[in-house]
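Coordinate analysis (summary)
Take a look at the letters that make up each chain.
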Amino acid sequence: MQALLVLCTCPDEASAARIAETLVAERLAACVTRLPGARSVYRWQGAIEQADEVQLLIKTTRAGFETLRARLCALHPDALPEILAVAVEAGHAPYLDWLAAQVTPSSD
């Protein structure tokens, strides 16, 4: 099992909470940590923008990623949501076992 940490920013706490709860309820993520207070600076449609956001740290598996990605795109209020998956190189084995047991692998 390959664990992934998926990063996604949300524009507000309400959308972050809704997304986090849905991903866990649907067994697409074992855990989602919401970190309020993020401030992003980015270029969008030719202009430099700044926004207060909520950073989501989504713990999932590589096998479940494509289903999670599609669901995250459907749930997210932004036209182009940030979805970055980072492979977990190492971790506490019992936690990784728990993570794997919580995520239903994609049927893709």
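Residues numbered from 1 in each chain as written. Predicted model: local features only at pLDDT ≥ 70, side-chain atom pairs only at ≥ 80, totals over all residues. Heavy atoms only, no water.

**Comments concerning the side chain of Q55**
By the secondary structure assignment, Q55 is in strand β3 (residues 47-61). For Q55, a relative accessible area of 18% translates into the label buried. A distance of 3.4 Å separates a polar atom in the side chain of Q55 from the backbone oxygen of C8. Each residue touching Q55, except ones within four places of it in the same chain, is listed here: L7, C8, T9, T33, R34, L35, A38 and E82. (Helix = DSSP H or I, 4+ residues; strand = E, 2+ residues; numbered from the N terminus. Buried < 20%, exposed > 50% of the residue type's maximum accessible area, 1.4 Å probe, protein only. Polar contact = N/O pair within 3.5 Å; in protein donor to acceptor, adjacent residues only side chain to side chain. Contact = heavy atoms within 4.5 Å.)

**A few points about the pattern of salt bridges**
Between side chains of opposite charge, a pair can form as their charged atoms come close. Counting across every chain of the model gives four salt bridges. Close ionic contact of R71 with E26 constitutes a salt bridge, the shortest N to O distance being 2.8 Å. You can see R71 sitting in helix α2 (residues 65-75) and its partner E26 sitting in the loop between α1 (13-25) and β2 (31-44), a full 45 residues away along the chain. For R71, a relative accessible area of 28% corresponds to the partly exposed category. Put simply, R69 and E66 hold a salt bridge, and the shortest N to O gap is 2.9 Å. Of this pair, R69 and E66 both sit in helix α2, three residues apart, which is roughly one turn of the helix. (Salt bridge = Lys/Arg side-chain N within 4 Å of Asp/Glu carboxyl O.)

**Here we look at α1**
End to end, α1 covers 18 Å across 13 residues, agreeing with the expected 18 Å (1.5 Å per residue, within 8%). If you check which residues of α1 are buried, you get S15, A16, A17, I19, A20, T22 and L23. Tucked into the core, α1 has its buried residues touching β1 (3-10), β2, β3 and α2. Capping of α1 at its N-terminal end is provided by D12; its side-chain oxygen lies 3.3 Å from the backbone amide nitrogen of A14. Immediately downstream of α1, the backbone of R27 shows phi near 60°, a positive value. (Expected span 1.5 Å × (residues − 1).)

**Brief notes about the pairing of β2**
The pairing of β2 with β3 spans 12 bridges and is antiparallel. Its bridge partner lying in β3, L35 is registered against Q55. Hairpin connection, β2 to β3: the antiparallel pair is bridged by two residues, and Q45 has positive phi, about 50°. (Pairing = 2+ DSSP bridges.)

So far we have only geometry, and geometry alone does not tell us how the molecule works.
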